[in-house]
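Listed below, chain by chain, are the residues.
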Amino acid sequence: MKIMTLPCDGIGPEIMAATLEVARAANARFDLGLSFHEEESGFDSLARHGITLREEVLDRARNDFDGVILGTQSHMDYPPVAEGGRNVSAGFRIGLDLYANVRPARSRDFISNKAPGMDLIIMREATEGFYPDRNMFKGVGEMMPDPDMALSVRKITRHGSMRICREAFKLAMQRQKKVTAIHKANSFLMTDGLFLECFRKVAQDFPEVETEELIVDAFAALLVRHPQKYDVVVATNFYGDILSDLASELSGSLGLAGSINANAETGLCCAQAQHGSAPDIAGRNVANPTSLILSAAMMLTWLGEQRGVHKLMIAGQAIAEAVDAVIDDPANRTRDLGGSVNTDAFGRLVAQEVAKVAVAA
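Fair warning: this is a prediction, and the values are worked out from it, not measured in the lab.

Conventions and cut-offs
Residues numbered from 1 in each chain as written. Predicted model: local features only at pLDDT ≥ 70, side-chain atom pairs only at ≥ 80, totals over all residues. Heavy atoms only, no water. Buried < 20%, exposed > 50% of the residue type's maximum accessible area, 1.4 Å probe, protein only. Helix = DSSP H or I, 4+ residues; strand = E, 2+ residues; numbered from the N terminus. Arc of directions from axis to C-beta. Contact = heavy atoms within 4.5 Å. Right-handed = clockwise from strand over helix to strand, strands pointing away. Pairing = 2+ DSSP bridges. Phe/Tyr/Trp six-rings, centres within 6.5 Å; stacked < 30°, edge-to-face > 60°. Lys NZ or Arg CZ within 6 Å of the ring centre and 35° of its normal.

Colleague: Sorry if this is basic, but what is going on with helix α7 (residues 216-225) here?
Modeller: Residue pairs spaced three or four apart in an α-helix point in one direction, given the helix's 3.6 residues per turn. When we look at burial in α7, the residues that qualify are Val216, Phe219 and Leu223. With its buried residues spanning 50° around the axis, α7 presents them on a single face. If you follow the buried residues of α7, they end up packed against β5 (119-125), β8 (178-183), β9 (210-215), β10 (232-235) and α8 (237-250).

Set out below in structure tokens:
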């Protein structure tokens, strides 16, 4: 099984190295048969090839690889698209049609948090919505008719809404059998109205699942007040982006939040940390690699479920449990969690914990 890795920008190379140390430990411990192949992206690709993400890299990811681990990108610092500054994350999501951005948020008793009992997953649609670089066939969804006016177009489709809602219900069937749909249909009558229509339609196929519909601003408040009430939350792109960051920070830290982008129909999956590239600490070996490590674990679990490969699922779970075992000890924590452990050392600690896992005969 071949995995493409793209360290990308900022702290990306450092957290990628730590993640690969853990992944290689799991590969050896569980005999996964993984091989890792690095590709250039971000500023390195821009300097060498004149563009931050080449089309041939996407083609290889689509045709020659089983999974992708994507590092952090400094998209805000890229030049305009016309000068090669392509959004790497959006390039993968659109180019590989990775419509399901799966973002869990779980509070841990041994980590300070503001949401005791939270254990939810936000299922975020990732290929359309209010993002101007992914909602037009040609051009972008933002424009300025005159110097004092800016307009943005939102795209919500029946196809996009039906499939993300279906993935949310399938996930809920494996958990607490509850799905909450986030919307603002009192204002966005047509776009959020279409999303809710699709949600209700899919719900008919899952009568065992409890459903709930909440306005986005009300949900933001309720998430703070009653974080333990929610299981699977499904949302369009923009809402899901914001709310998943809120949930992760409430649960302890954005740095502890894994994330994958996936397509159940094609079987493609990309692991990606929820946080940004943190250029202010890049190169200092102090970043917390947990988010990318957990994202890689999620990717292994997802690939195992899709392909019926039990040892991939076991490996993904083992990595997640190893992370918890390491950070349970305050002496093992990175600086953002009040400790003093460096990026590479944290990766080694998790890798060592994975190597201890007993393997069934």
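Colleague: It is not clear to me how the pairing of strand β1 (residues 2-6) should be interpreted in this structure. Could you clarify?
Modeller: If a strand is regular, its side chains alternate between the two faces of the sheet. Taking burial as the measure, the 5 residues of β1 include 4 buried ones, the bulk of the element. Taken together, β1, helix α1 (residues 12-30) and strand β2 (residues 35-38) constitute a β-α-β crossover, and its handedness is right-handed. Inspection of the sheet shows β1 paired to strand β3 (residues 67-70) by 4 bridges, in the parallel sense. Looking at β3, one finds that Leu6 is bridged to Leu70.

Colleague: What's the story with the packing of aromatic side chains in this structure? I'm lost.
Modeller: When we look at a pair of aromatic rings, we describe it by the centre distance and by the angle of the planes. Scanning the entire structure with this criterion turns up 7 aromatic pairs. Taking the centre distance of 6.1 Å and the plane angle of 80° together, the rings of Phe130 and Phe238 count as edge-to-face. Of this pair, Phe130 sits in the loop between β5 and β6 (142-146) while Phe238 sits in helix α8, and the two are 108 residues apart along the sequence. Under the relative-accessibility criterion, Phe130 is labelled partly exposed at 26%. Of the residues examined, Phe238 reaches a relative accessible area of 38% and is grouped as partly exposed. In this structure an aromatic cluster arises from ring pairing among Phe130, Tyr131, Phe188 and Phe238. We note Arg154 situated over the ring of Phe188; from NZ or CZ to the ring centre the distance is 5.1 Å.

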